[in-house]
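# Summary of the model geometry
This is what each chain is made of:
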Amino acid sequence: MQCLLKGLSTISASRGLTVKKLYVAMVGLPARGKSTLAKRIREGLEAEGLRVGIFNNGELRRTRLGRDSTAPEFYHPDNAEGRARREELAQENVAHARAFLAGGGNVAILDATNASRARRAMLEARLTDHPLLFVECRNDDPVLLEASLERKAALPEFAGKTRAEAIASFRQRMDYYERMYAPLEDECCWVRVDSVQNRILEERLGARVPFFHRIRDILVSDWVRNLYLVRHGETTYNVEGRIGGDPELTAHGKEQADALARHFSRVEVTHIFTSTRRRSSMTAAPLKAARPDCRIMALPEFDEIDAGLCEGMRYEDIQSEMPEQYAARMRDKYNYVYPQGEGYVTLRERVERGLKRALFIAGDAPGVLLIGHQAINRMILSHFLYRRTEDVPHIYIPQNQFYHIVATQRKKLFELVPFM
Ligand code: F6P
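Residues numbered from 1 in each chain as written. Predicted model: local features only at pLDDT ≥ 70, side-chain atom pairs only at ≥ 80, totals over all residues. Heavy atoms only, no water.

This part is about the layout of surface pockets. Its boundaries defined by the atoms lining it, the largest pocket holds a volume of some 1200 Å³. For the largest pocket, the lining is made up of 50 residues, of which Lys34, Ser35, Asn56, Gly58 and Lys152 are closest to its centre. Of all elements in the fold, only helix H2 (34-46), strand E4 (52-56), helix H3 (57-65), helix H4 (80-102), helix H5 (117-126), helix H6 (142-153), helix H7 (163-180) and helix H14 (344-362) reach the threshold of two or more residues within the lining of the largest pocket. Class assignment of the residues belonging to the lining of the largest pocket gives a composition of 19 nonpolar, 13 polar and 18 charged. The two domains that each donate at least three residues to the lining of the largest pocket are domain 1 (2-219) and domain 2 (224-418). (1 Å grid on protein atoms, 1.4 Å probe; cavity = no way out; pocket = protein on both sides within 12 Å on 5 of 7 lines; lining within 4 Å. Points joined across faces, edges and corners; volume = space filled by probe spheres on them. Helix = DSSP H or I, 4+ residues; strand = E, 2+ residues; numbered from the N terminus. Nonpolar A, V, L, I, M, F, W, Y, C, P; charged D, E, K, R; others polar. Domains from an automatic or database assignment.)

Our next topic: the packing of aromatic side chains. Inspection of every chain in the model, using the stated rule, returns 10 aromatic pairs. Their ring planes at 80° and their centres at 5.0 Å tell us that Phe74 and Tyr75 sit as a pair that is edge-to-face. Both residues of the pair, Phe74 and Tyr75, belong to the buried class. In this structure an aromatic cluster arises from ring pairing among Tyr228, Phe264, Phe402 and Phe419. (Phe/Tyr/Trp six-rings, centres within 6.5 Å; stacked < 30°, edge-to-face > 60°. Buried < 20%, exposed > 50% of the residue type's maximum accessible area, 1.4 Å probe, protein only.)

This paragraph deals with the environment of Asn56. Summarising the element assignment, Asn56 is placed in strand E4. Since its relative accessible area comes to 12%, Asn56 is described here as buried. In the structure, Asn56 is positioned 53 residues away from Ile109 in sequence and 8.2 Å away in space, judged by C-alpha atoms. The contact partners of Asn56, leaving out residues within four places of it in the chain, are Ser35, Asn93 and Asp111. (Contact = heavy atoms within 4.5 Å.)

Below, the discussion takes up empty space enclosed by the protein. Under the definition given, this model contains four cavities of 30 Å³ or more. In this structure, the largest cavity encloses a volume near 130 Å³. Lining of the largest cavity is provided by Gly33, Thr36, Leu37, Arg40, Ser195, Val196, Asn198, Trp223, Lys356, Leu359, Phe360 and Gly363. Here the lining of the largest cavity is composed, by residue class, of five nonpolar, five polar and two charged. By volume, the second largest cavity amounts to about 50 Å³. At the level of secondary structure, the elements contributing two or more residues to the lining of the second largest cavity comprise strand E9 (224-231) and H14. Grouping the constituent residues of the lining of the second largest cavity by class yields six nonpolar, one polar and two charged.

Further remarks concern unusual backbone geometry. Positive phi values are uncommon outside glycine, yet Asn198 reaches one of about 50°. As for its placement among the helices and strands, Asn198 is situated in the loop between strand E7 (189-194) and strand E8 (199-205). By relative accessible area, which is 11% here, Asn198 ends up buried. Positive phi, close to 65°, is recorded for Phe211, a residue that is not glycine. Structurally, Phe211 is set in the loop between E8 and helix H8 (212-220).

A few words on the nonpolar core. Core analysis: the biggest nonpolar cluster contains 44 residues, and Phe273, Phe302, Cys310, Leu347, Leu370, Ile380 and Phe384 have the highest contact counts within it. When contributions to this core are tallied by element, the ones reaching two or more residues are H6, E9, H14, strand E12 (368-372), helix H15 (374-385) and strand E13 (401-407). Per element, the largest residue contribution to this core is nine residues, and it comes from H14. Three or more residues apiece are contributed to this core by two domains, here domain 1 (2-219) and domain 2 (224-418). Discounting residues that sit within four places of it in the chain, Phe302 has contacts with Phe273, Thr274, Ser275, Arg350, Val351, Gly354, Leu355, Ala358, Leu370, His373, Ile376 and Ile380. Grouped together as the second largest cluster of nonpolar side chains are 28 residues, Phe74, Leu89, Phe100 and Leu184 included. (Core = buried A, V, L, I, M, F, W, Y, C linked by side-chain atoms within 4.5 Å.)

Put into structure tokens, the structure is as follows:
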């Protein structure tokens, strides 16, 4: 009942206007995408003219305690002193958030794990002046956890430790958080999100939550600020008309890779994703040399369609040696599956998985470059273009131009740009 009353209350500003305000508290284990989602909520709401503040406990902890809070023991559930210090920091941010809303802010986001029921009960008890919405981020993708550990290990708080020591330390910290973690359940208003799939898993609104529809929509939106989708440069197989395999680039393919590097040396890109194939990593190589600041990752989900028994063949060989296969593919290219291999229809799941993983790893990066293959890039494009399935295997994928894609809640952009 109290929950309902609080939700229905609106606050009257001095000039008699009704001003709606909201606290949002993120919930989730470390490295589950909470900060990325918090920033997206801020960006989406600010575009509506709202004032949004993020109050991040981790940042406050690093400023106040520095390296003193790096050791995993600081997070041990039985470490009363560590718990007390973390509680103080949480209280401090609660005070900042309250002051922000009192001073004209519309939405205050508390970005922290808020992992235990006790912590959330404290938030509900102290944030009574406006509605409070919890947003829980879930995902247990081991690939993403590994990638996040690598990123965390590079944080300044681990300076002085080897990469392996930093990873072990952060892993231990995560273990401690897992011990105290309790998913949302009895809290008044909450939404549980799969932060990789951008999918709402469960929601409970025990009261009216201002801006909820806006926020919900932000949580489920595709979010990539700038995705540059490139096909690898020309290969020896391309010249011979052969499919699949693991060929290297030709001299012309290397020129294309150089041109790509020249073009992207002037563009803000922080992440480069390739497949595990040589033609993809060779295309990335000059750019990698020019931009050592970029994070480069090879994901097997972006490997070209597996043509099974037809790997290494030319289309005319397939036509003469396996005419039924050739005819079947011509009849229904999307649903056709190569013997002992893949088809577009079976590719969708793994390419989607790769794309979601890449976008999660990139977080709110300003620019992401993905060097894929013909069939792979078609599947990725179909994700953003909503093409009819029968048209997907025919989307145009040149080797001297790239697709520039922007997809956020407020903006969709799609252009084909030449780079040589
Ligand atoms: O020809 C290059 C290539 O990447 C092959 O490895 C792959 O089998 C083919 O393109 C995919 O295109 P399509 O589906 O049109 O045969």
